[in-house]
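Residue strings, one per chain:
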Amino acid sequence: MHNIEERSLTHLLDGMEQAASRETVTINDVLNEFGERSLLPFILVAALLLVSPLSGVFGVSSFMAMVVIVLSAQAVYGRKRLWLPQFLLRREVKSTRLLFCVRWLRKPAAFFDRHSGKRLQFLTTGPMRLLTLVTCVILPVGWPLLEFVPFASSFGGGTVALFAFGLFTRDGLYVLLGYLTILLTSLTFYAVIF
C-alpha cells in the first residue's frame, strides 16, 4: 500500500490495520505502510484517532496536537515530503488499542466514503485550501489544555478530520461542515460563558 491513490477513509484504516502487525506500532510503522507522498492522509489519521476511544488515554490529545500542527504546517508551506522529528516517529501504542480504534471507526468511515463526491471544490483549492490548512495548525494548540476533560479533544479532532477529509477527497462540503462546526462550537462556548 505504498501509494495513496484511493482517496477513502476505508483505505486509510486498512493501512493502519496492516501497520499494526506487531505487538506495538509506531508512527514510523504507519508512515512506512503508506509511503511519504502525501501529508493529508496523515493529518486525517491523527485527527481520526482523536475521534476514537483512544482520545480518552491521557497524553494522546497532546501528542496528536503536536503531530497535527507539525504536519499541517508542512502542508501550508507546500512541502512535498513528510517530515516528523524522531521522538514523534518512535512513539508507540499497543497494536491492540490501534486495532480496536480501527474497528470502531469502520462503520463511520464507510458512511463518509459512500457520501463523498466532487462538491464545492473551490473550498479545496487555492486560497481556501491554504486557509483551511492554517486553521488545522491553529485548532490543535488548545488540545493539551483539554487533557483533563476526557474525550473533550474529540470535537477538535472531528473538526480537523472534516477539513482533512474534505481536502483529501476534494469534497468542499466537508470543509464547509468543518467551518460550521467551529462556528457552532464558538457560539455554544460564548452562550455558556456569557
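Refer to the structure presented above.
Bear in mind the structure is a predicted one, so any value in this text is a computation, not a measurement.

When helices and strands are tallied, the chain shows nine helices and two strands. Counting from the amino terminus, the chain carries its helices and strands in the arrangement α-β-α-α-α-α-β-α-α-α-α. For the chain, the C-alpha radius of gyration of 16 Å lies close to 16 Å, the compact-globule estimate for 194 residues. Counting only C-alpha atoms, the chain reaches 50 × 40 × 30 Å along its principal axes. Going through the 194 residues of the chain one by one, you find that 44% of them count as buried. A total accessible area of about 10300 Å² is found for the chain, and carbon and sulfur atoms account for 66% of it.

Taking 1.5 Å of rise per residue, the 17 residues of helix α8 (residues 153-169) would be expected to cover 24 Å, and the 24 Å separating its terminal C-alpha atoms lies within 8% of that figure. Along α8, 15 of the 17 residues are buried, which leaves the element largely enclosed by surrounding structure. Positive backbone phi, at 60°, marks R170, one or two positions downstream of α8.

Under the defined criterion, the tally for this structure stands at five aromatic pairs. Each ring, one from F112 and one from F165, has its centre 6.2 Å from the other, and the planes form 70°; the classification is edge-to-face. Placement of F112 in helix α6 (residues 95-114) and of F165 in helix α8 is noted, with a sequence separation of 53 residues between them. Owing to a relative accessible area of 3%, F165 belongs among the buried residues under this scheme. In this structure, R91 packs its charged tip against the face of F63, placed 4.6 Å from the ring centre.

In this structure, L44, L49, L71 and L84 are the most contacted members of the largest nonpolar core, which totals 53 residues. Take this core: its biggest share by element is 10 residues, from helix α3 (residues 40-51). Apart from residues no more than four positions distant in its own chain, L84 is found in contact with I27, L31, V70, L71 and L89.

Turning our attention to unusual backbone geometry. With phi around 45°, L120 is a residue other than glycine that occupies positive phi space. Here L120 is to be found in the loop between α6 and α7 (126-138). Classification of L120 by relative accessible area gives partly exposed; the value is 37%. A positive phi angle, close to 60°, is found at R170, a residue other than glycine. Considering the arrangement of structural elements, one finds R170 in the loop between α8 and α9 (172-193).

A word on the environment of L133. Inspection of the secondary structure puts L133 in helix α7. The sequence separation of L133 and A73 amounts to 60 residues, and the corresponding C-alpha distance is 7.5 Å.

As a further point, take the side chain of T169. Within the secondary structure, T169 sits in helix α8. From its side chain, T169 meets the backbone oxygen of F165 in a polar contact 2.7 Å long.

Quick notes on the rules
- Think of each chain on its own: its residues are numbered from 1, step by step along the sequence as written.
- Local features are withheld for residues below a pLDDT of 70 in this predicted model, meaning they are given only at 70 or higher, and side-chain atom pairs are given and counted only at 80 or more; totals for whole chains, interfaces and linings count all residues.
- Values shown for side chains rest on all heavy atoms present in the structure; no hydrogens or waters enter the calculation.
- Helix and strand definitions follow DSSP, with helices as H or I runs of at least four residues and strands as E runs of at least two, each counted in order from the N terminus.
- Only the C-alpha atoms count toward the radius of gyration. The rule for a globule is 2.2 Å times the residue count to the power 0.38.
- Summary of the burial criterion: residues with accessible area below 20% of their type's maximum are buried, those above 50% are exposed, and those between are partly exposed, where the area comes from a 1.4 Å probe applied to protein chains only.
- Exposure was quantified through the Shrake-Rupley algorithm and a 1.4 Å probe, taking into account, for residues, occlusion by the shown protein chains and nothing else.
- To estimate the expected span of a helix, subtract one from its residue number and multiply by 1.5 Å.
- Stacked, tilted and edge-to-face are the three classes assigned to paired rings of Phe, Tyr and Trp, where Trp is represented by its six-membered ring and a pair needs centres within 6.5 Å; plane angles under 30 degrees give stacked, over 60 edge-to-face, the rest tilted.
- Two limits define a charge over a ring: the Lys NZ or Arg CZ must be within 6 Å of the ring centre, and within 35 degrees of the ring normal.
- Residues grouped as a nonpolar core are buried Ala, Val, Leu, Ile, Met, Phe, Trp, Tyr and Cys residues, joined through side-chain atoms within 4.5 Å.
- Contacts: residue pairs with any heavy atoms within 4.5 Å of one another.
- Any pair of nitrogen or oxygen atoms within 3.5 Å is treated as a polar contact; in protein, a donor-acceptor pairing is required on top of that, and neighbouring residues in sequence qualify only through side-chain atoms on both sides.

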